[in-house]
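Topology and contacts: notes
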Amino acid sequence: MVLNELMMNIALKLMYVGTAYHGWQKQKNALTVQEVLETALSKVLKQPIKCTGAGRTDAGVHAEQYIANFRAECSIPMDRLPLAVNARLPADIVVVSARQVSDDFNAIGSCIKKEYTYRVYNSRIRNAFHVNRAYFYPKHLDEEIMARAAERLVGTHDFKAMRDVGTPTRTTVRTCHYFTVQRTGDLIELKVCANGFLYNQVRVMTGTVLYAAEGKFAPEDIDGILERGIRTEAGPTVPPDGLYMTKLWYREPVGLDTDLEVLSWQP
């Protein structure tokens with residue numbers, strides 16, 4: 001059998017503002033990032049394109065970094081492909097870079113950990129430039145208490161209490177590598193990195209940290225909340241518009257060897 005030398009596995013680095021979209025994953029009755037991207041790629045490459053994304057981001061969630069891959073015949077140089085695709089995309093979705101990857105690379109299956117950032121605009125007066133970009137929270141928050149609460153969630157835990165009902169999963173155990181809190185003026189950023197996330201986990205973890213800052217329970221009480229695994233004991237699911245996917249780490253076969261290396265996608 002003769003292989004088509006133009007058939008490639010291509011990975012794209014994207015960024016998008018999720019306000020206008022019902023998340024990443026293609027749906028029948030709602031506009032999604034995947035649908036818009038596949039339509040643009042199909043027009044540029046003149047063939048049907050099906051993308052695999054790094055994960056399902058919910059409606060209104062943004063991505064400063066997102067990876068998708070697809071297989072196609074492509075004679076366009078990788079440094080020119082983003083320019084060609086961006087000409088067919090709306091302004092709120094951008095292909096930053098493209099590269100050919102190994103046949104075994106899969107945007108979701110090869111991902112070994114992810115970082116999300118949740119942004120809270122903490123001021124008595126809202127900021128028009130943060131509308132749909134950060135959670136407006138007028139009650140003053142103590143970032144030191146928030147950091148103490150976030151630290152209780154670092155490590156390997158059963159996060160059953162920190163998820164909403166969604167797609168069934170084999171296990172609710174995840175490893176949280178870090179969960180940091182930093183304030184710059186009125187903007188508070190919570191960064192959380194884990195080997196995987198349950199449905200709405202980051203938004204519930206953030207809501208739990210906010211509840212601790214409000215004094216509804218002490219940071220140390222979070223240990224018991226995790227142990228009991230009761231969703232109603234944790235904090236609320238905060239709105240999606242403050243959430244961003246900000247970093248991804250990948251494991252990818254190197255050349256023809258079977259050894260694996262960990263790659264953090266860089267611009």
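Structure shown above.
These remarks concern the structure in this document. (Residues numbered from 1 in each chain as written. Predicted model: local features only at pLDDT ≥ 70, side-chain atom pairs only at ≥ 80, totals over all residues. Heavy atoms only, no water.)

With that settled, the discussion passes to the nonpolar core. Looking at soluble globular proteins, one finds that nonpolar side chains tend to be buried together. Leu12, Leu37, Phe70, Leu81 and Met162 are the most contacted members of the largest nonpolar core, which totals 75 residues. For Phe70, the contacting residues outside a window of four places in its chain are Met8, Asn9, Ile10, Leu12, Leu41, Leu45, Ile49, Lys50, Cys51 and Leu81. (Core = buried A, V, L, I, M, F, W, Y, C linked by side-chain atoms within 4.5 Å. Buried < 20%, exposed > 50% of the residue type's maximum accessible area, 1.4 Å probe, protein only. Contact = heavy atoms within 4.5 Å.)

Residues other than glycine seldom take positive phi values, yet Lys46 does so here, at roughly 55°. With respect to the helices, strands and loops of the structure, Lys46 is situated in the loop between helix H1 (33-45) and strand S2 (52-53). Unusually for a residue other than glycine, Asn200 sits at a positive phi of about 65°. (Helix = DSSP H or I, 4+ residues; strand = E, 2+ residues; numbered from the N terminus.)

As a further point, take the side chain of Asp164. By secondary structure assignment, the location of Asp164 is in the loop between strand S7 (155-158) and strand S8 (173-184). A relative accessible area of 18% means that Asp164 is categorised as buried. Separated by 3.0 Å, the side chains of Asp164 and Arg231 make a polar contact. (Polar contact = N/O pair within 3.5 Å; in protein donor to acceptor, adjacent residues only side chain to side chain.)

A few words on the pairing of strand S5 (residues 111-121). Buried residues dominate S5, accounting for nine of its 11 residues. Here S5 runs beside strand S9 (residues 187-194); their pairing, made up of eight bridges, is antiparallel. Within the sheet, the bridge partner assigned to Lys114 lies in S9 and is Ala194. Two elements, S5 and strand S6 (residues 135-136), share two bridges in a ladder whose sense is parallel. (Pairing = 2+ DSSP bridges.)

Under the definition given, this model contains seven aromatic pairs. Taking 6.4 Å as the distance between ring centres and 80° as the angle between the ring planes, the aromatic pair formed by Tyr118 and Tyr135 counts as edge-to-face. With a gap of 17 residues between them, Tyr118 in strand S5 and Tyr135 in strand S6 connect regions that are remote in the sequence. Ring pairs connect the aromatic residues Tyr16, Trp24 and Tyr66, which therefore count as one cluster. The ring of Trp249 has Lys113 sitting right over it, with the charged end atom 4.6 Å from the ring centre. Its end group placed over the ring of Tyr244, Arg119 keeps NZ or CZ at 4.2 Å from the ring centre. (Phe/Tyr/Trp six-rings, centres within 6.5 Å; stacked < 30°, edge-to-face > 60°. Lys NZ or Arg CZ within 6 Å of the ring centre and 35° of its normal.)

Those residues of helix H3 (residues 143-151) lying buried are Met146, Ala149 and Ala150. Down the axis of H3, the smallest arc covering the buried residues is 100°, so these residues share one side. Where H3 is buried, its residues contact S8, S9, helix H4 (201-213) and helix H5 (222-228). Sitting at the amino-terminal end of H3 is Asp142, which places a side-chain oxygen 2.9 Å from the backbone nitrogen of Glu144. (Arc of directions from axis to C-beta.)

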